[in-house]
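Given next are the chains, with one letter for each unit.
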Number of protein chains: 2
Amino acid sequence: MPTYTAPTRDAKFIVNELLDLASYGNRPGFEAATPDLIDTLIDEAGKFASEVLQPLNQVGDREGCTRHPDGSVTTPTGFKAAFDQYVAAGWSTLSQPAELGGQDVPHVLGFVLEEFVSSANHSFGMYPGLTNGAVSALLAFGSDELKNRYLPNMIANRWLGTMNLTEPQCGTDLGLIRTKAEPQGDGTYAITGTKIFISAGEHDLSENIIHLVLAKTPGAPDSSKGISLFVVPKFLVNDDGTLGARNAVQCGSIEHKMGIHGNATCVMNYDGATGWLVGEEMKGLAAMFVMMNAARLGVGIQGLAQAEAAYQNAVAYARERRQGRALTGPRDPEAKADAIIVHPDVRRMLMDAKAYTEGMRALYLWAALQVDIAHNSDDADERTAADDLLGLLTPVIKGYGTDKGFAVAVDMQQVFGGHGYIAEWGMEQFVRDARITQIYEGTNGIQAMDLCGRKLASKGGAAIQAFFRMIDDEVAGTEGDLAPMAEALGKAVGEQKAATMWFMQNAMANPENLGAGAHHYLHIMGVVSLGLMWLRMAKLATARLAAGPDDAAFYQAKVTTARYFFERYVPDAGALRQKIEAGSDAVMALDEDAFLTAA
Amino acid sequence: MPTYTAPTRDAKFIVNELLDLASYGNRPGFEAATPDLIDTLIDEAGKFASEVLQPLNQVGDREGCTRHPDGSVTTPTGFKAAFDQYVAAGWSTLSQPAELGGQDVPHVLGFVLEEFVSSANHSFGMYPGLTNGAVSALLAFGSDELKNRYLPNMIANRWLGTMNLTEPQCGTDLGLIRTKAEPQGDGTYAITGTKIFISAGEHDLSENIIHLVLAKTPGAPDSSKGISLFVVPKFLVNDDGTLGARNAVQCGSIEHKMGIHGNATCVMNYDGATGWLVGEEMKGLAAMFVMMNAARLGVGIQGLAQAEAAYQNAVAYARERRQGRALTGPRDPEAKADAIIVHPDVRRMLMDAKAYTEGMRALYLWAALQVDIAHNSDDADERTAADDLLGLLTPVIKGYGTDKGFAVAVDMQQVFGGHGYIAEWGMEQFVRDARITQIYEGTNGIQAMDLCGRKLASKGGAAIQAFFRMIDDEVAGTEGDLAPMAEALGKAVGEQKAATMWFMQNAMANPENLGAGAHHYLHIMGVVSLGLMWLRMAKLATARLAAGPDDAAFYQAKVTTARYFFERYVPDAGALRQKIEAGSDAVMALDEDAFLTAA
């Protein structure tokens, strides 16, 4: 049976020492971030995740969700009771605005909670997680009337939310949406169409479900510029806030899928359901992006979360399982064999996982800090800089973060040998659950194009240039024992700069040169971004060690893991740049029929 | 619903044009390899796989195997009937010796069959596949009495075979085996113990099941030098060949696992079962290696096979699914969107898969040719050279081949976006089934150590030096348009030579330097080995094109795919060498407790 212990010490190291969140306490939006509250929240979030949610993770995988003939859906045994506890403890309201019932705690801490919840039980975490996306869209674009009617209950998670984008013929390309929204003359719209892959589309956790639905109004253009966003509640909401009639939206079926069995993935049928416009007609794309960007960061965290859970169990197994002898001679001569953690190839996989999980934790929390600054700073330039940085980091955290998170989960399964393939050990569930993170909320190919096609070019490249300056400054400001790490980071960012330049020189003439290299660029930037985190963490840990702290082993491990990172991750940056510079010719040259199997 | 078309054209290109198998026809062991027979066998094998076995692949996954209270096991619906057809068609006897009922067809063609069967239905293919391993061990080490009693029926697949190595406490480290073999004074032994992860340990396909079991005789040393190999039939075999009493071996349970649900993975309980020694006491390890080496090549083929099946379905989907527009402008302006095969990132994944599957097919068939030469040549030096080369290639085909095969299957699932995660499309089954190939018959970490710790050093490095000379000769003999490919291969082998040298200089002082780099070395050698195949195929295709053949598109695609391979695979070799040369310090430095999650 797999176990999970929330990495609270590491989260506190990042929040308190690396980001120094409490130092922002006198700034608007950060008032709640007192040292006491930070540590208490992290501890309590960890406790809730490991004690309440983790024991339901395998149950959820085994049982899955059940759709009944009336279209209702029940979640796995224990999910409803755990969800009630989640709501009662107020976890859903953490980073939400106080005026709507939230606690105004910085997103940095809300993101820590998301990681712990997702590590403990990915499927469970999706129910409140998707609601956050829906809340973001309503906060940004909803009228006061809509906000007041829906948000307090959504923020309290008495009602959960969903995001309805995909249709059978329409995934990435939202211009293909067919769902119709007919104005009813009373300010409402009749929504008709079929949405698929709707996570948490129907379930038994909350009294009401608030669907945010993309649809087209009559005469709207047949492109993504023609889509509008609607609120479509499962139960209509009376003016006094009580629930009214059942709306004409039904779960038609639930999908059988590779993983995340505890979350109901629904086909949703809208049959003239009553909906309310969010924002303006034909401005749905912008609202969708607000919802999506919040969700994408969350998905990046999910990728890390599964890797972390898998890593912890692989460490435990590698310390217990005895097989063979250390290459340097028996480590434990009285036993018949040494624990497999003595084998360099097992260590390699564990170190690789450690370098990724701790580096990615620092990266997503740094991104979360940008969310808080972008929301709250009273300095417009600072808000812009935070927003630009966040725009760059979002596809990296989602795309690179989940590619690597999946790879780490697979490696951790590998540590178990044959037992990793057997369901009861739980490792194969981590792999199956992690796999979705590379796919949903925009496949990682879409993330790569978002980074290379949109974010690099925005504002004439100002965002990426600012990112490069930040790395250059960090490298320039490194001396002494850590100089080789800085040199490695300098080399990695040098590869990224060269690749950026190559795109500038070659993508104009042929945009396929960009498309064929985007995936590789995303991965170079992943290495550089984690490298920045590791250099900063190594510096901080070195400074702490100089003071002779009680937990010197923790800081020493940071320095060693940083060294591993720079030795073993950075070489890939050069290889990736070479692949980019090979261009798109060989990628695109074949006639489409040449891919068919010849008999 | 996924489909499968056997790549018969590509197999014939490799067998007839690249390897020119018919040219060996006047040599012992190759007599059957006439041009007609080769083409007919390849066509018929493809037909059988796609028509009979593929339709059962999803059924097998969905139903799995069922163990009944009496310990019997039934395979999924349709498996028994298909197996009867397989036996009736004589597929099992293809590459087996004529004197025992086989057809003496070269292994090259037997391996083609293995690929097609495994692509169509991995779980099904394991039943006859494992029998091949058991047959190899009996052929090499069994007494004439044992051979005559078991092999004709095993070769005809009237009886299937198994390999019983693993025990709960004993995986890689065979010295930990506890199963006991007590001599009974009549030439037989009483076998007692528990074996786990026994593929096809019990089923309803064949009249009898012949278990090959590793066990320890009384007083044998507590190491791998103390193990012996036994034949333990499910039903004892009377002197007249009829089946006698049920032996004391039972399937205690079957495992619930990530994939290959159609194959029964059994816990086997031996309770004083009657067994017969194969070869000599305490020489079981050598017999095990014969069985294992045959199985390892088969597993490498399975990794390719799942990638191939996934690739074919991804191609079909990418040509059908319409989403977005080509970066260079609409390709299909009348439709609302272009097929996604126009997108460079989708192409990148398809080209990557094509370069791997076709390259690996050439590599395993070249290895199969070495099997035939090593078995049959009347020139002792030639036999030795073939055997040395095969020794090097086996861990590469198993380890690199399945790592990359799994990665390709994952990429092909990615092409499907969200649909790839849904069971009915079949893509996630390819991923789950492919995953086992990295684990069983020695994890890929073990393959890497086999290559670096044993094969590189054997005969003072003669085998790897011969391999390098072969590559150097191929590079030196390349001119004209293909010179850049040769240059790239030269660069890749240069990295491998440097890494080899680094091991020689650094592994003696600290063997962990070898252990920490073995995985990366395996992957460099994978790139170099595929590179050799691609350079040879590009040369051959270029020569064919000069003659203006009818199917010029096939040969042109070879040249383009070769170019893709050299541009996109070779850069990794340099990065891998850098990782090796980083050594083991940072990998091994942490105290074991530093891996624990700190609270």
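Residues numbered from 1 in each chain as written. Chains lettered and ligands numbered in written order. Predicted model: local features only at pLDDT ≥ 70, side-chain atom pairs only at ≥ 80, totals over all residues. Heavy atoms only, no water.

Undergrad: Can you lay out the pattern of salt bridges for me, pointing to particular residues and giving the numbers?
TA: Tallied over the entire structure, the rule returns 78 salt bridges over all chains. A:Arg319 is the partner of B:Asp593 in a salt bridge, and the nearest nitrogen-oxygen pair spans 3.0 Å. Separated into two different chains, B:Asp593 in the segment after α19 (585-588) and A:Arg319 in helix α8 (residues 284-320) make up a pair that spans both. Classification of A:Arg319 by relative accessible area gives partly exposed; the value is 29%. (Salt bridge = Lys/Arg side-chain N within 4 Å of Asp/Glu carboxyl O. Helix = DSSP H or I, 4+ residues; strand = E, 2+ residues; numbered from the N terminus. Buried < 20%, exposed > 50% of the residue type's maximum accessible area, 1.4 Å probe, protein only.)

Undergrad: How would you summarise the relation of the copies chain B and chain A if you had to cite specific residues and measurements?
TA: Between chain B and chain A, the superposition needs a rotation of 180 degrees and an axial shift of 0.0 Å, giving an RMSD of 0.0 Å. The transformation relating the two chain copies, once decomposed into turn and shift, fits a two-fold axis. Across chain B, the rotation axis passes nearest the C-alpha of B:Ala575, at a separation of 3.1 Å. Looking at the interface residues of chain B, 100% of them are also at the interface in chain A, so both copies use one shared face. (Least-squares fit on C-alpha atoms with pLDDT ≥ 70 in both. Contact = heavy atoms within 4.5 Å.)

Undergrad: Account for the state of the cysteines, with residues named and values stated.
TA: All names here are of chain A. Summed over all chains, the structure comprises zero disulfides over all chains. With no disulfide of its own, Cys251 lies closest to Cys266 among cysteine sulfurs, the gap being 3.8 Å. What makes Cys251 buried here is its relative accessible area of 1%. (Disulfide = S-S within 2.5 Å.)

Undergrad: Which residues make up the packing of aromatic side chains, and what are the values?
TA: In the structure shown here, the tally under the stated rule is 43 aromatic pairs over all chains. Ring geometry for A:Phe48 and A:Trp91: centres 6.3 Å apart, planes at 50 degrees, overall tilted. With A:Phe48 in helix α2 (residues 35-53) and A:Trp91 in the loop between α4 (79-88) and α5 (107-120), the pair connects residues that are 43 residues apart, well separated along the chain. One exposure class covers both A:Phe48 and A:Trp91, and it is buried. Ring pairing ties together the aromatic residues A:Phe48, A:Phe79, A:Phe83, A:Tyr86, A:Trp91 and A:Phe124, which thus form one cluster. One cation-aromatic arrangement involves A:Arg9 over A:Phe554; the distance from NZ or CZ to the ring centre is 4.1 Å. Stacked on the ring of B:Phe235, the Lys or Arg B:Arg246 has its end atom at 5.6 Å from the ring centre. (Phe/Tyr/Trp six-rings, centres within 6.5 Å; stacked < 30°, edge-to-face > 60°. Lys NZ or Arg CZ within 6 Å of the ring centre and 35° of its normal.)

Undergrad: Can you tell me about the interface of chain B and chain A, naming the residues and giving the values?
TA: In this complex, chain B contributes 102 residues to the contact, which on the side of chain A involves 102 residues. The largest contributions to the chain B side of the interface with chain A come from B:Tyr421, B:Arg568 and B:Phe595, which together make up 10% of the buried area. Inspection of the region where chain B meets chain A yields ten salt bridges. Partitioning the side of chain B that touches chain A into residue classes produces 44 nonpolar, 29 polar and 29 charged. (Buried area = accessible area lost by both parts, 1.4 Å probe. Nonpolar A, V, L, I, M, F, W, Y, C, P; charged D, E, K, R; others polar.)

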